Amino acid sequence: KGPVVREATINLHKRTYKVQNKKKAPRAVKMIKVFAQKHMGTSDVRVDVKLNKAVWSQGVKNPPTRLRIRMARMRNEDEDAKEKMYTLVTHVPVPTFKKLLNKTVEEQ
C-alpha cells in the first residue's frame, strides 16, 4: 500500500444519532477517525486542525450533518514508528453535497 489521496463525504448525523448532547462533537471526531481507518487501512489517523474546527463550529451539541473530507495516506518519516503509513484527514469546504461521489484524487 503506497501513498494515496481520497475524497469522501461522511454523514455525521447517523454516527452521532442517539448520543448524549455533550458528547456529540467528540464522538463525531472519533467516528471520522474510524471512517478513515476503514477506508485507508491504517491504524494511525491524524485529524487536521481545520477539520476539528469544522466539526466543533456549531458547538458540542450540534456537529454538522455531513462533511466532505480528504484522506491522505502518507509515509511515516519517524524511523522507529510502529506503522510505515499514516492517514491525514483534512476538511474540504463544498457549497453543496448533492451529486458528490467518493473519489481518488490525482496528485498534481
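A quick note: this is a predicted structure, and the numbers were derived from the prediction, not measured.

### Focus on the environment of Lys24
- Position of Lys24 among the secondary structure elements: in helix H2 (residues 24-40).
- Along the primary structure Lys24 and Trp56 are separated by 32 residues, whereas in three dimensions their C-alpha atoms are 9.6 Å apart.
- Ignoring sequence-local partners within four residues, the contact set of Lys24 consists of Thr16, Val19, Val60, Lys61 and Pro63.

### Details of the environment of Val5
- Its place among the elements puts Val5 in strand E1 (residues 4-11).
- Val5 sits in the buried class, given a relative accessible area of 12%.
- On a C-alpha basis, the gap between Val5 and Val105 in space is 5.4 Å, while along the polypeptide they are 100 residues apart.

### Remarks on the confidence of the model for the protein
- With 98% of its residues at a pLDDT of 70 or more, the protein shows a mean pLDDT of 93.
- By mean pLDDT, strand E5 (residues 103-105) is the weakest element of the protein at 89, and helix H3 (residues 49-56) is the strongest at 97.

### A look at the environment of Gly41
- By the element assignment, Gly41 lies in the loop between H2 and strand E2 (45-47).
- Setting aside its immediate chain neighbours within four residues, Gly41 contacts Lys1 and Ala36.

### Observations concerning the pairing of strand E4 (residues 85-91)
- Of all the seven residues making up E4, five are buried; the element is thus mostly covered by neighbouring parts of the structure.
- In terms of strand pairing, E2 meets E4 through three bridges, oriented parallel. Directly across from Val47, in E4, lies its bridge partner Val89.
- As paired elements, strand E3 (residues 66-75) and E4 share seven bridges and run antiparallel to each other. Pairing of Ala72 across the sheet is with Leu88, part of E4.

### Quick word on the nonpolar core
- Grouped together as the largest cluster of nonpolar side chains are 19 residues, with contacts concentrated most on Ile32, Val55, Leu67, Ile69, Met71 and Val89.
- Those elements giving two or more residues to this core turn out to be E1, H2, H3 and E3.
- The dominant element in this core, judged by the number of residues it contributes, is H2, at seven residues.
- In this view, Val55 contacts Ala25, Ala28, Val29, Ile32, Pro63, Pro64 and Leu67; residues no more than four positions away in its chain are not counted.

### Thoughts on the side chain of Thr87
- Take Thr87: it is sitting in strand E4.
- A polar contact of 2.5 Å, which involves the side chain of Thr87, links it to the side chain of Thr42.
- In contact with Thr87, not counting residues within four places along its chain, are Ala36, Met40, Thr42, Asp44, Val45, Arg46, Met71, Ala72 and Arg73.

Cut-offs applied
Residues numbered from 1 in each chain as written. Predicted model: local features only at pLDDT ≥ 70, side-chain atom pairs only at ≥ 80, totals over all residues. Heavy atoms only, no water. Helix = DSSP H or I, 4+ residues; strand = E, 2+ residues; numbered from the N terminus. Contact = heavy atoms within 4.5 Å. Buried < 20%, exposed > 50% of the residue type's maximum accessible area, 1.4 Å probe, protein only. pLDDT = per-residue confidence, 0-100. Pairing = 2+ DSSP bridges. Core = buried A, V, L, I, M, F, W, Y, C linked by side-chain atoms within 4.5 Å. Polar contact = N/O pair within 3.5 Å; in protein donor to acceptor, adjacent residues only side chain to side chain.

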